[in-house]
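# Descriptive structure summary
Take a look at the letters that make up each chain.
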Amino acid sequence: MESYQTKFLDSALESSTLKFGSFTLKSGRQSPYFFNLGFFSTGKLVSDLATSYAQAIIKAGLKFDIIFGPAYKGIPLCAITVAKLAELDPENYGHIGYSFNRKEKKDHGEGGSIVGSALEGKKVLIIDDVMTAGTAINEAFEIISQEKGETVGCIIALDRQETTKDSEKSATQAVSQRYGIPVISIVTLSDIIAHLSDKVTPEQLASIKEYRATYAPK
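Residues numbered from 1 in each chain as written. Predicted model: local features only at pLDDT ≥ 70, side-chain atom pairs only at ≥ 80, totals over all residues. Heavy atoms only, no water.

All right, on to the overall build of the chain then. A tally of regular secondary structure across the chain gives 8 helices and 8 strands. Scaling as 2.2 N^0.38, a compact globule of 218 residues should have a C-alpha radius of gyration of about 17 Å, and the chain matches this with 17 Å. If you line up the chain on its principal axes, its C-alpha atoms span 55 × 40 × 30 Å. Relative to its 218 residues, the chain shows a buried fraction of 46%. For the chain, restricting intrachain contacts to residue pairs at least 6 apart in sequence, the fraction spanning at least 24 positions comes to 70%. Charge separation in the chain, taken as the distance between the mean sites of 24 positive and 26 negative side-chain charges, equals 2 Å. (Helix = DSSP H or I, 4+ residues; strand = E, 2+ residues; numbered from the N terminus. Rg over C-alpha atoms; globule rule 2.2 N^0.38 Å. Buried < 20%, exposed > 50% of the residue type's maximum accessible area, 1.4 Å probe, protein only. Contact = heavy atoms within 4.5 Å. Lys, Arg positive; Asp, Glu negative; His and termini not counted. Charge placed at Lys NZ, Arg CZ, Asp CG, Glu CD.)

What follows is the structure in structure tokens.
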């Protein structure tokens, strides 16, 4: 793994962003781990998070004009990431803009549902925390299309690498195939297992491995 990935996982564990136990997911599955990016909630943690997103983007070599953050979780993510990209690589990323959508369309002032850079005619990268059913990403694609932008990729913090309720593919695989774009992540479940194997109990590790084997995409 890259150093930014190991640092991200260590920060996730220390901040309780990544927890181990027994958790009921929205899908109804009992997961031996839970990931809540909202616990990256201090200035240092947010800066570290932005660095992880930015370095994953730079490593992937994606070319785009705007980072789009779906409301609400994507709003701070798009802002902190464009700032960090400009800091780390101003020559290649200093021009990158950011946009996010309002949940309710504004009917006064400049109007519209988009805040930030205009999407029309631009190559757009979607940013989010995790992808479960892919619903939020699908909505983001529709918004970008309506605004006459072109989605060229998607980045998330964690790829859970598990099937959705109604598919043998993972949400990331399904979105990538449906739209013909790359879906990249800072880390994956496999990275969690590899890096944290000596930081959790043998029972916790066994539960995570069993969960991965049960819901691994075909």
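Turning to unusual backbone geometry, a few remarks are in order. With an omega of 5 degrees, the peptide bond running from A71 to Y72 counts as cis. Its place among the elements puts Y72 in the loop between strand 3 (66-69) and helix 3 (74-88). In this structure, S16 takes a positive phi of about 65 degrees despite not being glycine. The residue S16 is located in the loop between helix 1 (3-14) and strand 1 (18-24) in this model. A relative accessible area of 31% places S16 in the partly exposed class. A positive phi is found at K148, a non-glycine position, where the angle reads about 65 degrees. Its place among the elements puts K148 in the loop between helix 5 (135-146) and strand 7 (150-159). Judged by relative accessible area, which is 58%, K148 ranks as exposed.

Moving on, we come to the environment of G69. Turning to its location among the elements, G69 is positioned in strand 3. The buried category is assigned to G69, whose relative accessible area is 0%. Between the C-alpha atoms of G69 and I126, which are 57 residues apart in sequence, the distance is 6.0 Å. What G69 contacts, discounting residues up to four positions off in sequence, is G74, I75, C78, S99, F100, N101 and I127.

Let's shift gears to the pairing of strand 1. Here 5 bridges tie strand 1 to strand 2 (residues 30-35), and the two strands are oriented antiparallel to one another. Bridging from a neighbouring strand, F20 pairs with Y33 of strand 2. Once strand 1 ends, the chain turns through 5 residues before running back antiparallel as strand 2, passing G28 with a positive phi of about 95 degrees. (Pairing = 2+ DSSP bridges.)

In this section: helix 6 (residues 171-179). Every buried residue of helix 6 is listed here: A171, T172, A174 and V175. Looking down the long axis of helix 6, one finds its buried residues gathered within 165 degrees of arc, a one-sided arrangement. Of the surrounding secondary structure, the elements contacted by the buried residues of helix 6 are helix 5, strand 7 and strand 8 (183-188). The first or second residue beyond helix 6 is G180, which carries a positive phi of 65 degrees. (Arc of directions from axis to C-beta.)

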